[in-house]
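Spelled out from the first residue to the last, the chains are:
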Amino acid sequence: VRLENIIRDNLERLIRSPSIKPLRGGVFTSSFGIRNDPFTGALQFHEGVDWSVPLYSPVIAPADGVVVYTYFENSYGNIMAINHGYGIVTRYAHLVQFEAKPGQRVKRGDTIGRTGNTGR
């Protein structure tokens, strides 16, 4: 019974570990960390990664989890967060459309939103 519990626990962790890119295709345009702000030119900390893809491209859940929130924020535009458990939360900004709502369980590969250019 103990071995079965360990296996079940490890399988749950694997299912909830982000392991696929949330977009199909696209070009990587900006990394996490210090960069020149595209609006001011000043050095600023960038809290995410940016990809260039066609407008309305599907955004895909990288692992199983629960949608924590969806809302509009001036800098990020339409933003969504997924809690994958085990202290892992992923966020998706600048969405043009939400395809999942708060409280909804999502699985790896589910479409959770559509890319856009909302926010700054």
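Quantities reported herein were computed from a predicted structural model and do not represent experimental measurements. All residue numbers refer to position in the chain's written sequence, counted from 1. Totals for whole chains, interfaces and linings use every residue, but because this is a predicted model, local features are given only for residues with pLDDT of at least 70 and side-chain atom pairs only at 80 or more, for both listing and counting. Think of the side-chain values as coming from all heavy atoms in the structure, minus any hydrogens and water.

### Comments concerning unusual backbone geometry
Where we set the bar: The helix and strand labels rest on DSSP assignments: H or I over at least four residues marks a helix, E over at least two residues marks a strand, and numbering proceeds from the N terminus. When accessible area is computed with a 1.4 Å probe and restricted to protein chains, residues below 20% of their type maximum are described as buried, those above 50% as exposed, and intermediate ones as partly exposed.
The phi torsion at Tyr56 lies on the positive side, around 70°, for a residue other than glycine. Locating Tyr56 in the fold gives a position in the loop between strand E4 (50-52) and strand E5 (58-60). Taking the relative accessible area as the measure of exposure, Tyr56 reaches 45% and is therefore partly exposed. Here the phi dihedral of Tyr86 falls at roughly 55°; this positive angle occurs in a residue that is not glycine. With respect to the secondary-structure elements, Tyr86 resides in the loop between strand E7 (77-85) and strand E8 (88-98).

### Topic: the side chain of Thr90
This is how the line gets drawn: We define a polar contact as two N or O atoms separated by no more than 3.5 Å, with the added condition that, inside protein, one atom must be a possible hydrogen donor and the other a possible acceptor, whereas residues neighbouring each other in sequence contribute only through side-chain atom pairs. Contacts are assigned to residue pairs with any non-hydrogen atoms lying within 4.5 Å of each other.
Assignment of secondary structure puts Thr90 in strand E8. Polar contacts involving the side chain of Thr90 include one to the side chain of Tyr92, which spans 2.7 Å. Apart from residues no more than four positions distant in its own chain, Thr90 is found in contact with Pro18, Pro62, Met80, Ala81, Ile82 and His84.

### Brief notes about the sheet that holds E7
Sheets are built from strands paired through backbone hydrogen bonds, the pairs being either parallel or antiparallel. Note the threshold: When DSSP locates at least two bridges between a pair of strands, those strands are taken to pair.
Read from one edge of the open sheet, six strands run E5-E10-E8-E7-E6-E9, paired in antiparallel fashion. Taken across any chain shown, the strands that pair with only one partner, and hence form the sheet edges, are E5 and strand E9 (105-106). In this sheet, E7 lies alongside strand E6 (residues 65-73) in antiparallel orientation, the contact comprising seven bridges. Each residue of the ladder has a partner; that of Val67, found in E7, is Ile82.

### Things to note about the pairing of strand E10 (residues 111-115)
Note that E5 and E10 share three bridges and pair antiparallel. Bridged to Ile60 within E10 is Thr111. Relative to E10, E8 runs antiparallel, the two being bridged by three bridges. When the bridges of E10 are listed, Gln97 appears paired with Arg114.

### Description of the layout of surface pockets
The test is simple: Using a 1 Å grid laid over the protein atoms alone, points where a 1.4 Å probe fits but cannot get out form a cavity; open sets with protein on both sides within 12 Å along at least 5 of 7 lines form a pocket; any residue with an atom within 4 Å of a point counts as lining. Grid points are joined across faces, edges and corners, and a volume is the space filled by probe spheres set on the points. Ten residues, namely Ala, Val, Leu, Ile, Met, Phe, Trp, Tyr, Cys and Pro, are considered nonpolar, four, namely Asp, Glu, Lys and Arg, are considered charged, and the remaining ones, Gly among them, are considered polar.
There is about 1,200 Å³ of room inside the largest pocket. If you trace the largest pocket, you find 39 residues lining it, with His46, Val49, Asp50, Ala93 and His94 closest to the centre. Ranked by residue count, the leading element in the lining of the largest pocket is E8, at six residues. Tallied by class, the residues present in the lining of the largest pocket amount to 20 nonpolar, 13 polar and six charged.

### Structural notes on the packing of aromatic side chains
Definition in use: Stacked, tilted and edge-to-face pairs are distinguished by plane angle, under 30 degrees for stacked and over 60 for edge-to-face with tilted covering the rest, among Phe, Tyr and Trp rings (Trp via its six-membered ring) whose centres lie within 6.5 Å.
Within this structure, the stated rule accounts for three aromatic pairs. Measuring from ring centre to ring centre gives 5.2 Å for Phe28 and Trp51, while their planes differ by 70°; the resulting arrangement is edge-to-face. Remark: Trp51 occurs in strand E4 and Phe28 occurs in strand E1 (residues 27-30); sequence separation between them is 23 residues. Phe28 gets classed as partly exposed once you look at its relative accessible area, which sits at 41%. Exposure remark for Trp51: the relative accessible area of 30% places this residue in the partly exposed category.

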